[in-house]
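Descriptive structure summary
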Amino acid sequence: MTLTVALVLAGAVVVGVSLGLLGAGGSVLAVPVLVYGAGQPVAVAVPTSLAVVAISSMGALVPRLRRGQVRWSVAAVFAAGGVPAALAGAVLGRGLPGELLLPAFAVIMVVVAVRMLRDAESTGGACRTTAGRVNRRRCLPRALAAGGGVGVLTGVFGVGGGFAVVPALTLLLGLTATDAVGTSLVVVAVNSVAGFAGHAGTRLDYGLVLLFAGGALLTSLVAGRLATRLPADRIRRWFAWTVLALAPLVAAGAWI
């Protein structure tokens, strides 16, 4: 096994575990693995990452579908804002130089890590009424705006955006943590497919795509089934500290 294959498979395991357990976060390491582990240019790594994230998030979604942990109406609202934004973000990202994208991506990594280190458990939701229901009139524009913001990140940087979707679902709409993770996986999958479509025409190494996506898919299926048995909070913190430690290296790599 070559070093490149080993690094890609290790990245696939991390992506699959994070998506399966947390519904977020793993995709933020996919681009660095592809750039520094597989030697891909950023313009190729981004759509490759989107393909990996789309496939692995669908795998992580399967166990949660069986447990009824997806709010389809909420996912539809986020997707309505996210799909056109992901397409636009892909167009924007193709016009940006790698020297700018990598430092900006490092900033996203720091945001992800800080977000994951904070407790995102639902406390009722800013959009909840006193009767415990969702105030759709007030929350619809917020959800569309949040979906659009996540979509831009997806298209430009090749991340699924679950790190932003999960907190938005819990804090904005008041979903439970388990429903937020399941719903987030739907949003991540849809946005990733849209972002990938926006990069149509980019020549990819489909052997590498299959290796990375296949490893992440299998891992996400296993992690999704184990989600109720493992301490997700501890895993979230370990992952966050890892991302935080790697962010400066990703930024410095733009000038190496």
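Higher on the page you've got the structure.
Read on for a plain summary of the structure. It should be emphasised that the depicted structure is a prediction, and the values quoted were computed from it without experimental measurement.

The helix and strand tally for the protein stands at 10 helices and zero strands. Secondary structure elements in the protein, listed N-terminal to C-terminal, are α-α-α-α-α-α-α-α-α-α. Looking at the protein residue by residue over its 256 residues, the buried ones come to 53%. Across the protein, the fraction of contacts at a sequence separation of at least 24, relative to all contacts at a separation of at least 6, is 84%.

Attention now moves to the packing of helix α1 (residues 3–22) against helix α3 (residues 42–66). Packed helices, taken two at a time, are described by the angle between their axes plus the distance between the axes. Contact geometry for α1 and α3: axes closest at 9 Å, N-to-C directions at 40°. The orientation of α1 relative to α3 falls into the category oblique. For the crossing formed where α1 meets α3, the hand is right-handed. Two secondary-structure elements touch here, α1 through Val 15, Leu 19, Gly 20 and Leu 21 and α3 through Val 53, Ser 56, Ser 57, Ala 60 and Arg 64. Broken down by class, the residue content of the contact of α1 with α3 amounts to five nonpolar, three polar and one charged.

Within the element layout of this structure, Trp 238 appears in helix α10 (residues 232–253). For the pair Trp 238 and Ala 113, spaced 125 residues apart in sequence, the C-alpha separation works out to 9.7 Å.

Among the eight residues in helix α2 (residues 30–37), seven count as buried, and that is most of the element. Restricting attention to buried positions, one finds in α2 the residues Ala 30, Val 31, Pro 32, Val 33, Leu 34, Val 35 and Gly 37. Gly 39 lies just past α2 and shows a positive phi near 70°.

Bringing the side chain of Ser 184 into the picture now. Relative to the elements of secondary structure, Ser 184 occurs in helix α8 (residues 177–198). Among all residues touching Ser 184, those that are not within four sequence positions of it are Gly 23, Gly 162, Val 165, Val 166 and Leu 169.

Under the criterion given, the structure shown has one salt bridge. Among the ionic pairs, Arg 71 bridges to Asp 179, the shortest N-O distance being 3.3 Å. Of this pair, Arg 71 sits in the loop between α3 and α4 (72–94) while Asp 179 sits in helix α8, placing them 108 residues apart in sequence. Using a relative accessible area of 12% as the deciding quantity, one classes Asp 179 as buried.

The subject of this paragraph is empty space enclosed by the protein. In this structure the tally under the stated criterion is one cavity of 30 Å³ or more. Here the largest cavity is characterised by a volume of approximately 30 Å³. Every residue along the wall of the largest cavity is listed here: Val 31, Val 42, Val 46, Leu 101, Leu 102, Phe 105, Val 156 and Phe 157. Those elements that provide at least two residues to the lining of the largest cavity are α3, α5 (98–117) and α6 (136–157). Looking at the lining of the largest cavity element by element, the count peaks at three residues for α5. A breakdown of the residues in the lining of the largest cavity according to their chemical character gives eight nonpolar, no polar and no charged.

Structurally, the position occupied by Val 35 is in helix α2. On the accessibility criterion, Val 35 (13% relative accessible area) is buried. A sequence separation of 67 residues divides Val 35 from Leu 102, and the C-alpha atoms of the two residues are 9.7 Å apart. Beyond its immediate sequence surroundings of up to four residues, Val 35 is in contact with Gln 40, Val 42 and Ala 45.

Right, let's get into the packing of α3 against helix α9 (residues 206–226). The geometry of α3 relative to α9 is characterised by a closest axis approach of 8 Å and an angle of 20° between their N-to-C directions. Here α3 lies roughly parallel to α9, going by the angle between them. The interaxial crossing formed by α3 with α9 has right-handed handedness. Where α3 abuts α9, its residues Thr 48, Ala 51, Val 52, Ile 55, Ser 56, Gly 59, Ala 60, Val 62, Pro 63 and Arg 66 lie against Val 209, Phe 212, Ala 213, Ala 216, Leu 217, Ser 220, Leu 221, Gly 224 and Arg 225. When the residues that make up the contact of α3 with α9 are grouped by side-chain class, the tally is 12 nonpolar, five polar and two charged.

The rules behind the values
Residues numbered from 1 in each chain as written. Predicted model: local features only at pLDDT ≥ 70, side-chain atom pairs only at ≥ 80, totals over all residues. Heavy atoms only, no water. Helix = DSSP H or I, 4+ residues; strand = E, 2+ residues; numbered from the N terminus. Buried < 20%, exposed > 50% of the residue type's maximum accessible area, 1.4 Å probe, protein only. Contact = heavy atoms within 4.5 Å. Axes fitted to C-alpha atoms, helices over the stretch in contact; angles between N-to-C directions. Parallel < 35°, antiparallel > 145°, perpendicular 65-115°, else oblique. Left-handed = near helix turned anticlockwise from the far one by under 90°. Nonpolar A, V, L, I, M, F, W, Y, C, P; charged D, E, K, R; others polar. Salt bridge = Lys/Arg side-chain N within 4 Å of Asp/Glu carboxyl O. 1 Å grid on protein atoms, 1.4 Å probe; cavity = no way out; pocket = protein on both sides within 12 Å on 5 of 7 lines; lining within 4 Å. Points joined across faces, edges and corners; volume = space filled by probe spheres on them.

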